[in-house]
Amino acid sequence: MSSSADPGDGTASTLREHAHALFDAGELHAADAAFARLAAQHPDDGALHYMRGLANKYLRDWSASLQHNLRAQALESDFDPASAWNAAIAATGCGDWEQARRQWARCGIDFPAGDGPINADFGIACVRLNPWADGETVFVQRIDPVRARLLNVPLPESGHRFADIVLHDGASTGTRWSGEADVPVFNALQVLERSDHRTFAVFIQCPDADALEQLQQATLPGIGYVEDWTLSVRHLCLRCSYGAPHTHERDDADLEEAGNDDWHPERSLGIGAQGRTAVMRLLGDWAAAGVGRRVDSVSACGNDLPLPAQGRAWWRGMDEDDAPP
């Protein structure tokens, strides 16, 4: 029997097993419906409401997730941090800041007093963008327990932008070295606030590392961040993708990462900026300031945000056997 097959008039335990199997297979709509049928038969079973809240979290139906987690809490005899965390995440997704603050307080998390969104320093972390599609991992500044601002310029196909504020899950799926310490990696769930910084894919000829650093350190109104994608992006040739002229004589990224002392002048950049005018001014000033500097191509990028698909338990960590709460 497949996990999506209807168990018919099986026993209560069989129906529960079937509902959990649907959830574990990533069939979230079917799992929610199965847990709903069970909850109708056992309305005082808080675990069933919790599972509906969990399924709706990964469906990103925040109002439904909040409703079911609050119902699970009402039926709890003891405090359950899992339902409180998920209620707080759902309330944040809804923009119900009063409820989010109440749930975080129940979890013992310290945050500034107030009535609206929490805006504080919860440290540096990483998030996996579009985890249902094997998305890239970027660094973020956490501004509350599950909201974070993107610090990198994501690849255009991610649909994300530099300085987007995203909602991320509560369970870490691993760690990544930040240059100073290991930081947690979380699954991004949804963009909550869209940045006004568009993504520009830029390809330049850069004579040396000092010239690149000058470009990255330059400040100009409308420029958010200049990122060297040359070493950080290796799974496709960006220049070929965007039609910028060059030859494939060697893999510059692999050579540099391996410690080759030669500098490779073809650089692929991602620039988060509020408009093309600011980008062209930045690049023009930089090119005019030194010998051997050239701008080959500038492309404005705009992609839709990919949506989750059914049939994959994307919320699991890389080495997890069980789904996180």
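First, a word on what this report is: a plain description of the structure on this page. Just so it is clear, the structure is predicted and the values come from calculations on it, not from any experiment.

### Considering the sheet that holds strand E7 (residues 198-205)
1) Next: Strand order in the open sheet made by the four strands is E8-E9-E7-E10, with antiparallel pairing throughout. Every other strand in the sheet has two partners, leaving strand E8 (223-228) and strand E10 (294-301) as the edge strands with one partner each. For this sheet the average axis-to-axis angle between neighbouring strands, irrespective of direction, equals 20 degrees.
2) Next: Relative to strand E9 (residues 266-273), E8 is paired through five bridges, and the arrangement is antiparallel. Counted as the bridge partner of Asp 228 is Leu 269 from E9.
3) Next: Each of E7, E8 and E9 is contacted by helix H7 (residues 209-217), which is oriented at about 155 degrees to E8, the strand it contacts most.

### As for the environment of Gly 222
1) Next: Checked against the element boundaries, Gly 222 lands in the loop between H7 and E8.
2) Next: With a relative accessible area of 17%, Gly 222 lands in the buried category.
3) Next: Linking Gly 222 and Ala 273, residues 51 residues apart in sequence, is a C-alpha distance of 5.5 Å.
4) Next: Ignoring sequence-local partners within four residues, the contact set of Gly 222 consists of His 197, Ala 273, Gln 274 and Ala 278.

Conventions and cut-offs
Residues numbered from 1 in each chain as written. Predicted model: local features only at pLDDT ≥ 70, side-chain atom pairs only at ≥ 80, totals over all residues. Heavy atoms only, no water. Pairing = 2+ DSSP bridges. Helix = DSSP H or I, 4+ residues; strand = E, 2+ residues; numbered from the N terminus. Axes fitted to C-alpha atoms, helices over the stretch in contact; angles between N-to-C directions. Contact = heavy atoms within 4.5 Å. Buried < 20%, exposed > 50% of the residue type's maximum accessible area, 1.4 Å probe, protein only.

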